[in-house]
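Residue strings, one per chain:
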Amino acid sequence: MRVVLLGGAGALAGGAGLPLVQGAVPRLVLVPVAFRLALFLQAIWAGGPLGAPVLGLAIALYLVPNLAEVAWVFHRSTGIRPVLAADTAYTLVTSLAAALFAPGLLPLTWPNIMGTVMVWTLLRGAPAGAIAITGAVLLRYGMAVVSGTSAPATWIVLALVAAAATALAIVLLVAGSMRFAHRLGEQRGRAAERERHRRDVHDTVLQVMESLALPAPRDALDPVGSLDQVRSIARAHALRLRLSLDGDAPAEPGGLEHRLGALAVEMTAEGLRVDLVPLAKPSDVPESVVNSLHDAAREALRNTLKHAKTSKAVMCLEEHDGIVTVSVRDHGTGFDVGARRGGFGIENSIHARMAEIGGTARIDSAPGQGTRVVLTAPLELRFPVG
């Protein structure tokens, strides 16, 4: 926290190097601006009724510029230096203008001066805040000399120190919050990466090994050909796994229909004939949706291959009202959905995978009536996936 005290919120932006932090730090200036507006309204209320010209001038010099500063910070991607320069210039111009031409408005300059001290302390740390306090005191006494009014009381130093201390407390709170959010994000990222790794191992290596272990009628009729098929499948998946471990796995081309067609060919080569029926051809499907639907459908088909005791399955693709649906249907043995305990594949490779993209998975099955897995996902994601 020492770095934050010396460097202010600017240390957060410079040290983190994250666009989100760099964009959020200049907006801390909204805290002293809100402080100014509150003191401005309080000063207007305490000063009694003002004439229309004086009130209009006060609004033009103090209220409108502060509101304009809020709009500027919100709508422009700006750094710390422009914010500091603009805020300091505004305070100097309005303070000197009041001292020279409108001494009656001097009480209204005090919120601006305190706000600028807070801005410097927030964005540049305690040393800059101390320099800003010294400059504010000199400015305030100089304004008294120029305007011919009495010098302000010495309590202004205490008030400025209190403003700077408040700004530092805000910086420490923001720094603590960012550190907590960063650590929480790291923990959740590691957990998500572990879960993704477990899911990938289950969906590739484990499923393929279990499929290869299943007996097939061809084993007795053509053992040499069956062995060659096993070797071919093993080589293909070994290469895929190696590329994945090396981080050089190429992205699979094509859209959702192409990926599902390739999946049907893959499963047919492993002994499960899959017919793809595209009832509709959705376009512009996000890549994350394509990947999740493809992988969840593959898990459903591998479950059919292992457990359904059938050699055929049908996969349908359709889209309606911005929702894309992939259904996998077989007429195998089926099972009691309510009585069967959910395994890793169903819970993680199907349900959890669809939940990550805001979709759903429904499994309909009964003993002797086959199984139907319905996967639905929105074409427009409402949150980032990854």
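Residues numbered from 1 in each chain as written. Predicted model: local features only at pLDDT ≥ 70, side-chain atom pairs only at ≥ 80, totals over all residues. Heavy atoms only, no water.

Looking up the protein in an unreviewed UniProt entry gives the name histidine kinase, with the organism given as Amycolatopsis pretoriensis. Heading Catalytic activity (unreviewed entry) of the UniProt record for the protein holds this comment: "ATP + protein L-histidine = ADP + protein N-phospho-L-histidine." (UniProt positions renumbered as here; feature names shortened; annotations may be inferred.)

A.B. asks: Help me understand the overall build of the protein in this model?
C.D. replies: The helix and strand tally for the protein stands at 14 helices and five strands. A buried classification covers 39% of the 386 residues belonging to the protein. Of all intrachain contacts in the protein linking residues separated by at least 6 positions in sequence, the fraction that spans at least 24 positions is 74%. Of the roughly 20900 Å² that the protein leaves accessible, carbon and sulfur atoms contribute 64%. (Helix = DSSP H or I, 4+ residues; strand = E, 2+ residues; numbered from the N terminus. Buried < 20%, exposed > 50% of the residue type's maximum accessible area, 1.4 Å probe, protein only. Contact = heavy atoms within 4.5 Å. Areas by Shrake-Rupley, 256 points an atom, 1.4 Å probe, with all protein chains shown as cover.)

A.B. asks: What exactly am I supposed to notice about the packing of helix α6 (residues 80-101) against helix α7 (residues 106-124) here?
C.D. replies: Relative orientation and spacing of two packed helices are given, respectively, by the angle between their axes and the distance between those axes. Following both chains from N to C, one finds α6 and α7 inclined at 160°, their axes separated by 10 Å at the closest point. In terms of their interaxial angle, α6 and α7 are classed as roughly antiparallel. Between α6 and α7 lies a crossing of left-handed hand. Between α6 and α7, the residues in contact are Ile80, Arg81, Val83, Leu84, Asp87, Thr88, Tyr90, Thr91, Thr94, Ser95, Ala98 and Ala99 and Leu106, Thr109, Asn112, Ile113, Thr116, Val119, Trp120, Leu123 and Arg124, respectively. Grouping the amino acids of the contact of α6 with α7 by side-chain chemistry returns 11 nonpolar, seven polar and three charged. (Axes fitted to C-alpha atoms, helices over the stretch in contact; angles between N-to-C directions. Parallel < 35°, antiparallel > 145°, perpendicular 65-115°, else oblique. Left-handed = near helix turned anticlockwise from the far one by under 90°. Nonpolar A, V, L, I, M, F, W, Y, C, P; charged D, E, K, R; others polar.)

A.B. asks: Mind showing me how you'd approach the UniProt feature "transmembrane region" (unreviewed entry) in the protein here?
C.D. replies: Sequence positions flagged by UniProt for "transmembrane region" (unreviewed entry) are, in local numbering, residues 39-64, 84-106, 118-141 and 153-175. Secondary structure across residues 84-106 comprises 83% helix and 0% strand; the distance between its end C-alpha atoms is 22 Å.

A.B. asks: Would you take a moment to explain α7 for this structure?
C.D. replies: Since the α-helix packs 3.6 residues into each turn, any two residues three or four apart lie on the same face. Across its 19 residues, α7 extends 27 Å between first and last C-alpha, which sits within 8% of the 27 Å expected from 1.5 Å per residue. Counting buried positions along α7 yields 16 of 19 residues, so the element is predominantly enclosed. Directly after α7, the chain includes Gly125, whose backbone phi takes a positive value near 95°. (Expected span 1.5 Å × (residues − 1).)

A.B. asks: Explanation requested: the pattern of salt bridges in the structure shown.
C.D. replies: Once their charged atoms are close, side chains differing in charge can pair, the charge on each being opposite to the other. All chains considered together, the criterion is met by five salt bridges. Put simply, Asp295 and Arg298 hold a salt bridge, and the shortest N to O gap is 3.5 Å. Residue Asp295 and its partner Arg298 are located together in helix α13 (residues 287-307), separated by three residues, close to a single helical turn. The residues Asp295 and Arg298 share a single accessibility class, namely buried. Ionic pairing is found between Asp364 and Arg362, a salt bridge with its closest N-O pair at 3.0 Å. (Salt bridge = Lys/Arg side-chain N within 4 Å of Asp/Glu carboxyl O.)

A.B. asks: How should I be thinking about the nonpolar core in this particular structure?
C.D. replies: Generally speaking, soluble globular proteins have nonpolar side chains that are buried together. The biggest cluster of nonpolar side chains holds 40 residues, and the ones touching the most others in it are Tyr62 and Leu160. Those elements that provide at least two residues to this core are α4 (30-46), α5 (52-75), α6, α7, α8 (126-147) and α9 (155-213). Every residue in contact with Tyr62, bar those within four places of it in the chain, is listed here: Phe40, Tyr90, Thr94, Ala98, Leu105, Leu108, Thr109 and Asn112. With 33 residues, the next largest nonpolar core counts Ala296, Met315, Leu317 and Val326 among its residues. (Core = buried A, V, L, I, M, F, W, Y, C linked by side-chain atoms within 4.5 Å.)

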